[in-house]
Amino acid sequence: MIFAEKLIRLRKKNGWSQEELAEKLNVSRQAVSKWEGAQTVPELEKLLQLSVLFGVTTDYLLKDELEAEECTGSREDSPVKRISLADAQAYLKWRKTASVLIATGTFLCIVSFMPLLLLGAMAQAGLAGVTEEFAAAAGLCLLAVLVAAGVSLFVWCGFKNAPYEFIDSEPFEPEYGVHGMVSEKKNAFRGAYAACNIAATCICILSIIPLFLSILLKGELFPTVLLLCLTILLAGVGVVLFILCGVRWASMEKLLQEADYAPARKKRSSAKEAVDTAYWLLAVALYLGWSFASGRWELTWLVWPVAGVLYAALSTILQLTVWNKEGRDF
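The structure displayed is predicted, hence computed values, not measured ones.

What follows covers the nonpolar core. Ranked by size, the top nonpolar core spans 21 residues in total, and within it I83, A88, Y91, L92, I167, V182 and L255 carry the most contacts. Counting only elements with at least two residues in this core, the list comes to α6 (85-111), α9 (166-169), α10 (178-206) and α12 (221-256). Among residues more than four places away in sequence, those in contact with L255 are I83, A88, Y91, L92, I167, F172 and V182. Core analysis: the next-biggest nonpolar cluster, separate from the first, contains 17 residues, L7, L10, L47 and F54 among them.

Have a look at this one:
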């Protein structure tokens, strides 16, 4: 019995249509039709999914001489987790909330040193009787409070996201209806996602304008710091927009197992995430070390645009070398 005949028998035994089987495997109905018509054979990744889905061995699927089903155990005992329609809806709802929390935490961290800059400028300009000692103490306290609030939001999101961590790193099987529901939501969100990214990009680019305007002030400290803070605020708003739309879009791609979240690319995504984490932790350490050592908070913010440019270059190099090679190996 050839593979095509076995696939038809197993599908009908489970009472699934070609459309239902295609949805479970995240392929088109035409692909399933070609498999059952003996026109093509699934790639290895899909064969493994079929093996888990039907609870049979890959040998049984591939070897024509094997007529009797060789079972691997019940599908419920399979290590591959299953996601129900209710689970998928709950996950998408949580990630929508998480996008707001992550964006808020990031924004708090971005603007955390603004009070220090403003109070320092007020002390230098002799405004409102602010002394340099008070400016340093109050500014650093506010910085710590804002950073702590932002980090607390990150930790809370990590705690709440723990039940869904397997979606990022492990293969899973969506139950009937999940793929269609998520695809519909993704298509509906596509326009908003594009508009949000365009707006965020424009805001980040235009955020530098206040710094250009500060040239006209000819070294007046307090107005210059105000314009610098406006630049920081605009950049923060741009980052917030990127996060709000990016987290929701990524959650849909994860459930659909598309792009960087396809099963064959999850290992690469995990490695990339580790590199990203190490890079930005190093950037934070450099920023804080330089800032506290020099006291030049009005200058050390330049670490972030430089880090952003270097990150883009590093990502491109890794994409063309290491990640691309790993993708071929998979």
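Before going further, it helps to examine the environment of L10. Looking at where L10 falls in the secondary structure, it is placed in helix α1 (residues 3-13). Of the residues examined, L10 reaches a relative accessible area of 2% and is grouped as buried.

Attention now goes to the packing of helix α2 (residues 18-25) against helix α3 (residues 29-36). Axis separation between α2 and α3 bottoms out at 8 Å; the angle between their running directions is 110°. If you check the angle between α2 and α3, you find them roughly perpendicular. Crossing geometry of α2 relative to α3 is assigned as right-handed. Contacts between α2 and α3 involve Q18, E19, L21, A22 and L25 on the former and, on the latter, R29, V32, S33, W35 and E36. Residue composition of the contact of α2 with α3, by class: five nonpolar, two polar and three charged.

For helix α8 (residues 132-161), with 30 residues, the first-to-last C-alpha span of 43 Å sits near the 44 Å given by 1.5 Å per residue. Listed in full, the buried residues belonging to α8 are A135, G139, L143, G150, C157 and N161.

About the criteria used
Residues numbered from 1 in each chain as written. Predicted model: local features only at pLDDT ≥ 70, side-chain atom pairs only at ≥ 80, totals over all residues. Heavy atoms only, no water. Core = buried A, V, L, I, M, F, W, Y, C linked by side-chain atoms within 4.5 Å. Buried < 20%, exposed > 50% of the residue type's maximum accessible area, 1.4 Å probe, protein only. Helix = DSSP H or I, 4+ residues; strand = E, 2+ residues; numbered from the N terminus. Contact = heavy atoms within 4.5 Å. Axes fitted to C-alpha atoms, helices over the stretch in contact; angles between N-to-C directions. Parallel < 35°, antiparallel > 145°, perpendicular 65-115°, else oblique. Left-handed = near helix turned anticlockwise from the far one by under 90°. Nonpolar A, V, L, I, M, F, W, Y, C, P; charged D, E, K, R; others polar. Expected span 1.5 Å × (residues − 1).

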